[in-house]
Structure formats: structure tokens, C-alpha cells
Amino acid sequence: MTVGNERAARALKEILQKPGNDACADCGAADPEWGSCSLGVFICLGCSGIHRNLPDLGKVKSLSLSRWEDAEVEGVERAVDQGQV
């Protein structure tokens, strides 16, 4: 995970361990390495490129290279807890 916001990195790691988060929300590929800040889902590299090209879905970040803000992680966590993913 990224340096800079260790709290967010730890929270993302915990969220990824929840059932259903081990696969891309779009295509089902194993071990997604990207997240959609807009939708609160985890996606693979290929699907992240598609999301970036869709104006309403465009905010994606790498789980290992990007700095995630606490609010972005909280949005993903809320989506997962509400069963939206």
C-alpha cells in the first residue's frame, strides 16, 4: 500500500479482506488492484481504464500507488457495508 496516509492504507487492506472484494466488481478478475472512489468498488487494471473514460465514474486510484484520502476510504467502506458492492 501507499505511503503518506497509513491509516487509509490499513483501512483499505481491511476492506479488501471482506467477502466479495477479492474480485473485480465489473469483470470478476481476481485480486483487483484499483478502486473507484466514485462508486466504492474494487476493479482490475483493465476495468480501471474503462472507468477513467466514463465521466460519471472517472475517479479511480491504484490501491498500491495512489494516496487515498480518509473520506475516499470511508466512502468505499460505506458502500461495502451497505452491500452496494
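As annotated in an unreviewed UniProt entry, the chain carries the name Arf-GAP domain-containing protein and comes from Albula glossodonta.

Visitor: What is the right way to read unusual backbone geometry from this model?
Guide: The phi torsion of most residues other than glycine is negative, and most of the peptide bonds are trans. The phi torsion at Asp31 lies on the positive side, around 50 degrees, for a residue other than glycine. Examined against the element boundaries, Asp31 turns out to sit in the loop between α1 (6-16) and β1 (34-36).

Visitor: Looking at this structure, I do not really get the side chain of Ser66. What am I missing?
Guide: Structurally, Ser66 is set in the loop between β3 (60-62) and α3 (70-81). Polar contacts involving the side chain of Ser66 include one to the main-chain amide nitrogen of Ser62, which spans 3.0 Å.

Visitor: Could you clarify how one ought to interpret the packing of aromatic side chains in this entry?
Guide: Remark: the centre distance and the inter-plane angle together describe each pair of aromatic rings, the angle taken between the planes. This structure, assessed with the given rule, holds 0 aromatic pairs. The ring of Trp34 has Arg52 lying over it, and the distance from NZ or CZ to the ring centre is 4.9 Å.

Calculation notes
Residues numbered from 1 in each chain as written. Predicted model: local features only at pLDDT ≥ 70, side-chain atom pairs only at ≥ 80, totals over all residues. Heavy atoms only, no water. Helix = DSSP H or I, 4+ residues; strand = E, 2+ residues; numbered from the N terminus. Polar contact = N/O pair within 3.5 Å; in protein donor to acceptor, adjacent residues only side chain to side chain. Phe/Tyr/Trp six-rings, centres within 6.5 Å; stacked < 30°, edge-to-face > 60°. Lys NZ or Arg CZ within 6 Å of the ring centre and 35° of its normal.

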